[in-house]
Amino acid sequence: MFFESVKSYINSKDSLSLIEKAYDYAEKMHEGQVRKSGEPYFTHVLYVAYEITKLHGGPATISAGLLHDVIEDCGVSAEDFKNEFGEEIYELVEAVSKVSRLKYTDEKEFQANNHRKLFIAMAKDLRVILIKLVDRLHNMRTLEYQSPESQKRIAKETLEVYAPIAHRLGIAEIKNELEDLSFYYLDNEKYHQIASLVESKKSERDAAVNEMIEDISKVLADHKLPFRIFGRSKHLYSINKKMVTKNKRFEEILDLLAIRIVTKTELNCYEILGYIHATYRPIPGRLKDYIAVPKSNLYRSLHTTVIGIDGRIYEVQIRTEEMDEIAEKGVAAHWAYKEMGKKAYDARNEQKEIVNELEWLKAFEDSEADADKYMDQVTTDVFNANVYVMTPKGRVIDLPTGSCPIDFAYRIHTEVGNQTVGALVNGVMVPLNTPLKTGDVIELKTNKSSAPSEDWLKFVKSSGAKNKIKQYFARKADEDRKDDIALGEQMLKDEFKKRDLDFNEYYQNKRFDRIYSMFEANNWNDFCYAISKKSLSPAAVCDKLAIGAKKEITAEELQLYTDRNKAKNLGYSKTGVIVKGIDSMQINLAPCCKPCKGDSIVGFVTKGQGIKVHRTDCPNINKDNSRLIDVYWDPNYVESRKYETAIRIVSMDRSYLLTDLVTVIAQYKATMTSVNIVANAENLTATADISLIVNSSEHLETIMSNLRKVNSVLSVERAIK
């Protein structure tokens, strides 16, 4: 029977010799091996090869079906196999068998990675997936010999992975049987319940369908149209699925009474549709034209639902012979071009469309997502793809339900998605978040200078679009950071130049490395980035490096200042700041930068007014570096002192802004001494200068951090006069 099926469409002596050689080799290699059913193992591979012939697979594919387990189960080396059957058949067999060689301790991880390899193989060579589907079909037909646990596990995987792949490739014969077999093992009670309902109505249903067929046949014969007509039955899993998803009773499933009409040409299809609608009353909204708008798996047919002569409802499908073959066998109806010559390839241009449609699956091969996320992506983008839209040139694109023009744009190309600024749907300009419907024709408007918006992530549905948008902003963040690092480095160079110091000397000698930790930086890039963001001042860096910013004052100069202060009877400082070796000089906090306990500080020796304590980032301390001196917050200073300081807040102007700012400051128990807020009508911003009294720099930073969280606030910074 196997060779009869082969010879029914393969006549080449070389091809037949190859298949016979593969047959003999597989039989020899599997000799002595048995399946759990007790049958010789060879019967399994023979079955796979036979089913491939029913799909009119080429000689290489049939041979691969016969040999698909010899490398894995019979210890045949890759070199020996290639010597016997060549590189092409080896690659097919290796692609089919390599999945089962993956071993993981975690079953979920194993399954996800298993499927990842399967989909990648599918994208590279469709023959691999056809062999896997037929292999799974035979395993499902003999599943009764597995344990109950294995039955449910294998059936669940078949229903969730293999049946949808068969549907995606349009192979209805395999898809329907895989679904029904899975249904049988996953919910045996429900399976038999529906089977019983179908059987109980069978005679009545068959009689009604036959009567309707006779009536339609008379109508078409009167108009001398070519046709063959027959009834078709709904498979059990499909009936159950409709009952569950649409919450309908068995009696309400419309297409239980179904008729298929097969004719010669597309024109005949539309003529037959016209005569049927003229004879029987069609149900509104139930006409589907998959000839004008084919599904992405190349399925083409006219579907209509009419009320028959007996008042019953019938679903009628109308298609050509070629369409019917594709509907049943899908891509397998013309997949053999890979194994045939140029003439056969040219006659199968539609197959080229299928391959192009599946090209996007290869993008997952390089995905950095883990195995589970990969499965989520494929499930979303493949198995839930039930919106079919078109490019202006008629190319059909499948998208998840709820997808918008941005999803469509990224499916076309990443750069098209990034540059999209508008979309025409059926010739009408629409917002970019408009949900698309099957049959829509999408024309995109792009601009090379445009870029994605983060708001797109709120409404795109396909994982491919989401990933590409996120990748764009990740790259942009990296580029912006590089610019900020360069800016910070230049700011530091400018500070060195201002102090007449050699920047390259310090950089090349790695003298910056020893102060990174002082500023909570891990490396040079973090260091420069902090400077560019003004969380670290170039002046403070110079001070920490002790590169002349704090010149020692001679003992004579200090004694002179001390004597002057004693003469003026100025007393000791009450600021909590100390200077080593000096206990009689007046010490005051500078009013320009208003340091608080905890700030990084430096002393400036004035003429006649003691030492003024500045923050190290205060621009006023660079006028005379020779008068700078080390000062410290006294760790033993326990007096409960408050510090007056100043902040500047820039925000978008709005109602109740000042109220919200004051509320935050009061919440953290700080006292305000003055407030000045000015609105800018040109850019709609408001600037608030606030003086307040705090306990320490840590207390101030807590307040500033929470002020930054206030709605519409753009920035909060320490103010310097």
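Residues numbered from 1 in each chain as written. Predicted model: local features only at pLDDT ≥ 70, side-chain atom pairs only at ≥ 80, totals over all residues. Heavy atoms only, no water.

Participant: Outline the overall build of the protein, listing residues and values.
Facilitator: When its secondary structure is counted, the protein shows 27 helices and 21 strands. Considering the protein as a whole, with its 721 residues, one finds that 48% of them fall into the buried category. Taking all contacts inside the protein whose residues are at least 6 apart in sequence as the whole, residues at least 24 apart take part in 64%. Total accessible area computed for the protein in this model is approximately 36,700 Å², and 49% of it derives from carbon and sulfur atoms. (Helix = DSSP H or I, 4+ residues; strand = E, 2+ residues; numbered from the N terminus. Buried < 20%, exposed > 50% of the residue type's maximum accessible area, 1.4 Å probe, protein only. Contact = heavy atoms within 4.5 Å. Areas by Shrake-Rupley, 256 points an atom, 1.4 Å probe, with all protein chains shown as cover.)

Participant: Would you mind going over a nonpolar patch on the surface in detail, with residue names and values included?
Facilitator: Among the surface-exposed residues, Leu658, Val662, Val675 and Ile677 lie close enough to one another that they form a single nonpolar patch of about 260 Å² accessible area. With respect to the helices and strands, Val662 occurs in helix 26 (residues 657-667). (Patch = residues over 30% accessible without salt bridge, like charges linked within 9 Å, V, L, I, M, F, W, Y side chains within 5 Å. Salt bridge = Lys/Arg side-chain N within 4 Å of Asp/Glu carboxyl O.)

Participant: I'd like a rundown of the sheet that holds strand 11 (residues 442-446), residues and numbers included.
Facilitator: Read from one edge of the open sheet, three strands run 10-9-11, paired in antiparallel fashion. For this open sheet the edge positions go to strand 10 (428-430) and strand 11, each flanked by a neighbour on one side alone. Going across the sheet, the axis of each strand differs from the next one's by a mean of 35°, ignoring polarity. Sheet topology places strand 9 (residues 420-425) next to strand 11; five bridges connect them, and they run antiparallel. Considered in strand 11, the bridge of Thr420 is made with Thr446. Relative to the sheet, helix 19 (residues 405-412) contacts strand 9, strand 10 and strand 11, its axis offset from that of strand 11 by approximately 80°. (Pairing = 2+ DSSP bridges. Axes fitted to C-alpha atoms, helices over the stretch in contact; angles between N-to-C directions.)

Participant: Can you explain the packing of helix 2 (residues 13-29) against helix 4 (residues 59-67)? Please cite residues and give values.
Facilitator: Working note: a packed helix pair is described by the angle between its axes plus the distance between those axes. Direction vectors running N to C along helix 2 and helix 4 enclose 5°, while the axes themselves pass 9 Å from each other. Taken together, the axes of helix 2 and helix 4 are roughly parallel relative to one another. Contact with helix 2, carried on its side by Ser15, Leu18, Ile19, Ala22, Tyr23, Tyr25 and Ala26, involves Pro59, Ile62, Ser63, Leu66 and Leu67 of helix 4 and no other residues of that element. Considering only residue class, the contact of helix 2 with helix 4 consists of ten nonpolar, two polar and no charged. (Parallel < 35°, antiparallel > 145°, perpendicular 65-115°, else oblique. Nonpolar A, V, L, I, M, F, W, Y, C, P; charged D, E, K, R; others polar.)

Participant: Help me get a handle on the side chain of Ser182, residues and values and all.
Facilitator: In this fold, Ser182 is placed in helix 10 (residues 172-186). Take Ser182: its relative accessible area is 0%, and that puts it in the buried class. Polar side-chain contacts of Ser182 include one of 2.8 Å to the backbone oxygen of Leu178. When neighbours within four sequence positions are excluded, Ser182 is seen to be in contact with Met140, Ala155, Thr158 and Leu159. (Polar contact = N/O pair within 3.5 Å; in protein donor to acceptor, adjacent residues only side chain to side chain.)

Participant: Can you break down the packing of aromatic side chains residue by residue, with the values?
Facilitator: Enumeration over the complete set of coordinates arrives at 24 aromatic pairs. Ring centres of Phe2 and Phe3 lie 5.0 Å apart, and the angle between their planes is 65°; this geometry places the pair in the edge-to-face category. Judged by relative accessible area, Phe3 falls into the partly exposed class, the value being 26%. Each ring, one from Trp524 and one from Phe527, has its centre 6.1 Å from the other, and the planes form 35°; the classification is tilted. Here the residue Trp524 and the residue Phe527 both occupy positions in helix 23 (residues 524-532), the gap between them amounting to three residues, near one helical turn. For the pair Trp524 and Phe527, a shared accessibility class is recorded, and that class is buried. In this structure an aromatic cluster arises from ring pairing among Phe496, Phe503, Tyr506, Tyr507, Phe512, Trp524 and Phe527. The ring of Tyr529 has Arg481 lying over it, and the distance from NZ or CZ to the ring centre is 4.5 Å. (Phe/Tyr/Trp six-rings, centres within 6.5 Å; stacked < 30°, edge-to-face > 60°. Lys NZ or Arg CZ within 6 Å of the ring centre and 35° of its normal.)

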